[in-house]
Amino acid sequence: MNLEKIITEKINKNFLPDFFKIINFSDKHKNHYLEDNNDTSHIKLIIVSKSFKSLSKIDRERLVHKTLSEEISHDIHSIRLKLYTLEEYELIK
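What counts, and at which threshold
- Residue numbers restart at each chain and count upward from 1, following the sequence in its written direction.
- Local features are withheld for residues below a pLDDT of 70 in this predicted model, meaning they are given only at 70 or higher, and side-chain atom pairs are given and counted only at 80 or more; totals for whole chains, interfaces and linings count all residues.
- The side-chain quantities take in all heavy atoms of the structure and omit both hydrogens and water.
- Counting from the N terminus, the helices are DSSP H or I runs at least four residues long and the strands are E runs at least two residues long.
- By this rule the span expected of a helix is its residue count minus one, scaled by 1.5 Å.
- Whether two residues are in contact is decided by their heavy atoms, any of which lying within 4.5 Å being enough.
- Ring pairs shown here join Phe, Tyr and Trp side chains whose ring centres sit within 6.5 Å, with only the six-membered ring taken for Trp; geometry is labelled stacked below 30 degrees between planes, edge-to-face above 60, and tilted in between.
- The buried label applies to any residue whose accessible area, calculated with a 1.4 Å probe on protein chains only, is under 20% of its type's maximum; exposed applies above 50%, and partly exposed to all values in between.
- The reported arc concerns the directions from the helix axis to the C-beta atoms and nothing else.

Undergrad: Please give an account of helix α1 (residues 3–15) that cites residues and values.
TA: Here α1 is 13 residues long and its end C-alpha atoms lie 18 Å apart, about the 18 Å a rise of 1.5 Å per residue gives. Residues of α1 that are buried in the fold lie against β1 (19–24), β2 (42–48), α2 (57–67) and α3 (69–74). Once α1 ends, the next one or two residues include L16, with phi positive near 40 degrees.

Here's what the structure looks like:
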């Protein structure tokens, strides 16, 4: 199974997002380091979820890191997180 599909399934299962998007910018980092053969090594996740209500930004990030811990340790070189409640997201879109 490809990495983006695994990430999508885990995020959907654990956060039931109102909105979710993976932005893969790995192509900008080809040959970034010698072992970088992945086509999904640098990603940005935008997650809008009720699960983030009353959590600090740090706690939200900790939850996502915990959920994706295996992928982060083995496959992802760089991950950027934009984590919002629905109300917060409505203000910035």
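Undergrad: I'd like a description of the packing of aromatic side chains, backed by residues and values.
TA: The tally for this structure, following the rule as stated, stands at 3 aromatic pairs. An angle of 45 degrees between the planes, with centres 5.8 Å apart, marks the rings of Y84 and Y89 as tilted. You can call Y89 buried: its relative accessible area is 16%. Every member of this aromatic cluster is reached through a ring pair, and the members are F19, Y84 and Y89.

Undergrad: Describe in detail α2, supporting the description with residues and values.
TA: One turn of the α-helix equals 3.6 residues, which is why residues spaced by three or four share an orientation. All of the buried residues along α2 are R60, V64 and T67. Take α2 and look down its axis: the buried residues cluster within an arc of 60 degrees, on one side only. Within α2, the exposed residues directed more than 90 degrees away from the buried face are R62 and K66.

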